[in-house]
Amino acid sequence: MAYSAKVMEHFANPRNVGEMKDFSGVGEVGNPQCGDIMRMYIKVENDVITDVSFMTFGCGAAIATSSMATEMIKGKPIEEALKLTNKAVMEALDGLPAVKIHCSVLAEQAIKSAVADYYRRQGIDPTPIVGEIPPCEACHT
Ligand code: FES
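Residues numbered from 1 in each chain as written. Predicted model: local features only at pLDDT ≥ 70, side-chain atom pairs only at ≥ 80, totals over all residues. Heavy atoms only, no water.

Topic: unusual backbone geometry
Right, on to step 1. Positive phi is not limited to glycine here, since Asn-46 has a value of about 50°.
Right, on to step 2. Looking at the secondary structure, you find Asn-46 in the loop between strand E2 (37-45) and strand E3 (48-57).
Right, on to step 3. Positive phi is not limited to glycine here, since Asp-94 has a value of about 65°.
Right, on to step 4. For Asp-94, a relative accessible area of 47% corresponds to the partly exposed category. (Helix = DSSP H or I, 4+ residues; strand = E, 2+ residues; numbered from the N terminus. Buried < 20%, exposed > 50% of the residue type's maximum accessible area, 1.4 Å probe, protein only.)

Put into structure tokens, the structure is as follows:
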């Protein structure tokens, strides 16, 4: 299966790329299968994700899924953002080749990791809300 036009478009023109200075939470996750890394920043106001950006050492599929995922959670309440699955992101991109499905997991986990960091900064234990997030395989944190 080749990449869909939407995947190619998000890969060529990724949305919300870059570092965020005044973030409310930041998360970093690694993909154990390829060693790629994803960092996600969120800005939160009144439990709503008002801004989001990402940076990655990742493949084209990781870039495209992160780009789409950030578009899907921007302006959404945290609760809704946490429900975003890699499957929903893949559907929004008209699918991914089977060998690239694991790449889309990176975006989903990075969002959860950023939300967990946001809660930790508020002095709230994120685990009951966000669930367990596998540690970053690349940096072992
Ligand atoms: Fe590493 Fe896609 S091959 S994220």
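As for the pairing of strand E1 (residues 25-30)
Right, on to step 1. Where E1 lies against E2, 6 bridges are found, and the strand directions are antiparallel. Following the sheet pairing, Glu-28 is matched in E2 by Arg-39. (Pairing = 2+ DSSP bridges.)

Some words on the sheet that holds E1
Right, on to step 1. Taken in spatial order, the 3 strands line up as E1-E2-E3 in an open sheet, and their pairing is antiparallel. Strands with a single pairing partner mark the edges of an open sheet, and in this sheet they are E1 and E3. Recorded for the sheet is a direction-independent mean angle of 15° between the axes of neighbouring strands.
Right, on to step 2. Strand direction decides the pairing type here: E2 and E3, joined by 9 bridges, are antiparallel. Residue pairing in the sheet places Val-44 in a bridge with Ile-49 of E3.
Right, on to step 3. The strands touched by helix H2 (residues 60-73) within the sheet are E2 and E3, with E3 carrying the most contacts at an inclination of about 175°.
Right, on to step 4. The strands that helix H5 (residues 101-121) touches are E1 and E2; relative to E1, the one it contacts most, it runs at about 140°. (Axes fitted to C-alpha atoms, helices over the stretch in contact; angles between N-to-C directions. Contact = heavy atoms within 4.5 Å.)

Points about the packing of aromatic side chains
Right, on to step 1. Tallying each qualifying case throughout the model produces 2 aromatic pairs.
Right, on to step 2. Pairing Phe-23 with Tyr-41 gives two aromatic rings, centres 5.3 Å apart and planes at 50°, and the pair type is tilted. On the criterion of sequence distance, the pair formed by Phe-23 in the loop between helix H1 (5-12) and E1 and Tyr-41 in strand E2 is long-range, its members being 18 residues apart. (Phe/Tyr/Trp six-rings, centres within 6.5 Å; stacked < 30°, edge-to-face > 60°.)

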